[in-house]
Amino acid sequence: MHAMPNLLLTLLFALAAFGCGDSVNLGDNPEHWFDGDAVRGGSTTVPITMYEGLSPATYAVDDSTLFVTFVEGQPSGFVAVTVKSCDLASCASTVRIVSQQTYPSASAMPTPLLAVAGSEFFFQSRDSMGAQYIGACPKSGCASAPRQVGFASAPSLVATDDAIYWCSSSSINRCPREWCDMPTQRSLDAIAHAPGQSATKLSFLFVADGYAYIAGPGGVARVKGDLAADPDWIYPSELPMGGIAARGDWVYFSVAALTGQLLRCPVSGCVGDAEVMVSGQRWPSWLAVDDATLYWFNFTGDDRGESLVTLGAVAVDGSSGPRTVLSKVPLMTNRPIFMNAHHLYWMDASDGHTKIRALAK
Amino acid sequence: MNTIGSTASRTLHRIASALFLACVASCGARVNLGDSSQPPAPDPDASPDPAAPPTTLYQFNQNLFACYDIAVDDSYVYLSTGEPGGLSVHRCRKTDCAGTMKRVVGPLCNGCGYEKIVVAGNFLGLMHNASSGPVSVGHIDACTRPDCGDVRQVVGGLPTIGDVAFDDNRFYWHLSPDGSFYQCSFPTCSEGPRVFATGVPALRSFAANADWIYWVNPGVAVSRKRKDGSAPVEDVILGPVLGRVPHGGAGVPPEGLTVGTLAVDGSWIYGLSSRAPDADAGTGCEPSRSPCFVVRWPDAIGGAAEVILHEDTGINFRGLGALRVFQGEVVYSSDQAHTCDADACSATRRAIGQADPDRMASDRDYLYWCSRTMPGMYDTLQRVARVRR
């Protein structure tokens, strides 16, 4: 009854270069890929458009490759989930399908998630019995069925060289990237609850240098990457968190409020108040940090109801004050941002066109 | 019903128009067309007798068909209104309201109207809180009374605003996504918003007097904070006396009453409750357990509670609804709206019909409100003399 005709159609052919170069043609083809060099090229003030067209369900980036997931209904009623990838240096000429799966209906489709680390990318799938699992394919594409990493229903995925992480309502879960029968789980109840509140939600997860950093209604904490010990508080707070990122000796997080702030604590935790890096922001969210700069998006809003944001940046060593890098970005706030060694990536949408954008650091 | 209502409304409108034209023709310079330079004229309709039935000051119609909120100052009634061309703010003189009705803001786009209008110093404070597509864009505006020719945004681009309270030169508002109250100077907010209180993710009831902001967190105690910020948030226990628990503590039954609807007036805290402050938990309003008590406490810790009204708990009793208090006059709703003098409520209680306490304002002598109407019927603007003078 529940057998699912889960037709795996993995295609490993490079598509002909059907991108539009630097000339956007929004004709019959709902996808337009561009060849701007998002590795060595681009500007620190004018973003490159890498893709424009049909709205992707999600995307992921590493240092060399962009992965994009599309969900399309078919005349038969089936739903196709297709992952395409391209080289960041020349996307239009290298775009290819690296995974395609079909499901009998949208309700049978797992949450389209995507993460990339090392030589593989990871996503959610269902087996022939309908059970959800985390699957993996080589970055070059799946030649056969995805490799099963573990059975789980994850609302989000973070991949590292060692493991896959995800948060449920009040706990963090880990599965070694090779395989796990049962994910390791660690309760984060104190972080998932605001004081006196019953609702739970772990808002943000960032994994770096052997630790997982988590922000939620109760504040910010970290737990060892193997989840072998209880979490340590970094900064308890009842203020709403807008993002988290860690680099070196510091963990950065934002208070997503009308009078928002960018804060940081030592990775071992704050003694007393957190250091205020930037104040007077409006719902600062989606943090990304490298050795030199902390980036974030501010939600300015406007009376036309568009969710326009600004991209802000500040030197982490305090050598320069906060600055606005970009204004009036129609950011898709329900999609992640990514940063690699050379660019910052996000999705935006305006006038019915969805774009994947890259800004050189 | 729609047809009858529309017909009646059109007839009334024709009569009103004819009377208006006749008055224009015969009365010449005595007609007050709402110009702010005109002094208030005697109000022939005003009855100082609280026992007299409410007076209808304005019948809304197909050209001005809705009343979303109301405010009054010494001379004018201000209304957040709906028109075929969009939403708007109108004002009229208390004397001859129908003849002096005048648009002062708008027309605004549909969905751009004001949910709240408050007289604050020489200004009107205006709150817009509607969703626009996937984004809820709220803003708080100001304009100079009475003509509002300078309406301007004081703070904007906000997510859903829980509620707002205005002083003459300061305002306070709640943002649910932030779980915070903010404050700023009014009417410019030139210094930018400042956090007033945090840790309030949901707001069930909100009230302010000269010194305090009060709120009810679902499942948590009534909390308050001094407007001047001179003390931290305190949770109060609404028991036989007003008590205090540490912030974050449990000021909930059995320590005190659960009050879903709160009002403050002068130095009193008012609440609707389903049991008396000195009753055992589990006993109270039967059979529905809906609120049947109006209780008040002095705002000083240790002040004794007073049950100022215990409503009928008969089979048809559906409980007390909205609660407002205007300078000692309590307004609440059950099957219809009632008012009373808070110091002698049972003795002075009177029904005023289908008034909406949430769309009500008061001056020294009168209560003004927009009526609750059936779907398809137009609101009316009404007035009645206060019981408490």
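Since the model is a prediction, treat every value here as computed from it, not as a measurement. (Residues numbered from 1 in each chain as written. Chains lettered and ligands numbered in written order. Predicted model: local features only at pLDDT ≥ 70, side-chain atom pairs only at ≥ 80, totals over all residues.)

## Description of the overall build of chain A
Secondary structure summary: chain A contains 2 helices and 29 strands in total. Sequence separation of at least 24 residues holds for 44% of the intrachain contacts in chain A that already meet a minimum separation of 6. (Helix = DSSP H or I, 4+ residues; strand = E, 2+ residues; numbered from the N terminus. Contact = placed C-beta atoms within 7 Å.)

## Considerations on the overall build of chain B
Along chain B, the regular secondary structure elements total 3 helices and 29 strands. When burial is assessed residue by residue, chain B has 44% of its 389 residues classed as buried. The contacts in chain B between residues at least 6 apart in sequence include a share of 45% that link residues at least 24 apart. (Buried ≥ 20, exposed ≤ 12 C-beta atoms within 10 Å, placed from the backbone.)

## Structural notes on the nonpolar core
Formed by 206 residues in total, the largest nonpolar core has its most connected members in A115, I214 and I244 of chain A together with I70, L124 and V294 of chain B. Contact partners of I70 of chain B, with chain neighbours within four places excluded, come to V77, Y78, L79, I117, R359, M360, A361, Y368, W369 and C370 of chain B. (Core = buried A, V, L, I, M, F, W, Y, C linked by C-beta atoms within 7 Å.)

## Considering the environment of C143 of chain B
All names here are of chain B. Relative to the helices and strands, C143 resides in strand β8 (residues 135–144). Taking the C-alpha atoms as reference, C143 lies 8.1 Å from P187; in sequence the two are 44 residues apart. Contact partners of C143, with chain neighbours within four places excluded, come to V105, F123, L124, C148, D150 and V151.

## Overview of the confidence of the model for chain A
Across chain A, the average pLDDT comes to 87, with 88% of residues at 70 or higher. Every residue in residues 1–27 of chain A scores below 50 in pLDDT, and together they form 55 contacts with partners more than four places removed in sequence or on other chains. (pLDDT = per-residue confidence, 0-100.)

## Focus on the pairing of strand β27 (residues 355–362) of chain B
Most of β27 of chain B is tucked away, with 7 of its 8 residues classed as buried. What sits between the antiparallel neighbours β27 of chain B and strand β28 (residues 366–371) of chain B is a turn of 3 residues. (Pairing = 2+ DSSP bridges.)

## What to know about the sheet that holds β27 of chain B
All names here are of chain B. Reading across from one edge, β1-β29-β28-β27 is the order of the 4 strands in this open sheet, with antiparallel pairing throughout. The outermost strands of the open sheet, each flanked by one partner alone, are β1 (55–59) and β27. Put simply, the sheet's adjacent strands are angled 30° from each other on average, direction ignored. With 4 bridges joining them, β27 and β28 adopt antiparallel strand pairing. If you follow M360 over to β28, its bridge partner there is W369. (Axes fitted to C-alpha atoms, helices over the stretch in contact; angles between N-to-C directions.)

## Things to note about unusual backbone geometry
Geometrically, the link from R145 of chain B to P146 of chain B is a cis peptide bond, its omega value of 0° lying close to zero. Tracing the backbone through its elements, the reader meets P146 of chain B in the loop between β8 and β9 (152–158). Along the chain, F186 of chain B connects to P187 of chain B via a cis peptide bond; the corresponding omega equals 15°. Among the structural elements, P187 of chain B can be located in the loop between β12 (180–185) and β13 (194–197). One non-glycine residue, L227 of chain A, adopts positive backbone phi at about 55°.

## Some details on the environment of Q62 of chain B
Mapped onto the elements of the fold, Q62 of chain B is located in the loop between β1 and β2 (66–72). Along the backbone, Q62 of chain B and Y378 of chain B are 316 residues apart, and their C-alpha atoms lie at a distance of 8.0 Å.

## Considerations on the sheet that holds strand β18 (residues 242–245) of chain B
All names here are of chain B. Taking strand neighbours across the sheet as the criterion, the 5 strands line up as β14-β15-β16-β17-β18 in an open arrangement whose pairing is antiparallel. One side of each edge strand has no neighbouring strand; the edge strands of this open sheet are β14 (205–208) and β18. Averaged over all pairs of adjacent strands, the angle between strand axes in this sheet comes to 30°, irrespective of strand direction. Sheet topology note: the strand β15 (residues 212–216)/strand β16 (residues 222–226) ladder contains 5 bridges and is antiparallel.

## Things to note about the confidence of the model for chain B
All names here are of chain B. For chain B, per-residue confidence averages 83 on the pLDDT scale, and residues scoring 70 or more make up 81% of the total. Taken as a whole, residues 1–38 scores under 50 in pLDDT and shows 32 contacts with residues more than four places along the chain or in a different chain. Complex prediction metrics read pTM 0.80 and ipTM 0.74.

## Focus: the environment of L79 of chain B
All names here are of chain B. Topologically, L79 is positioned in strand β3 (residues 76–83). Counting along the chain gives 308 residues from L79 to V387, while the straight-line C-alpha distance between them is 24 Å. In contact with L79, not counting residues within four places along its chain, are C67, I70, V89, H90 and L381.

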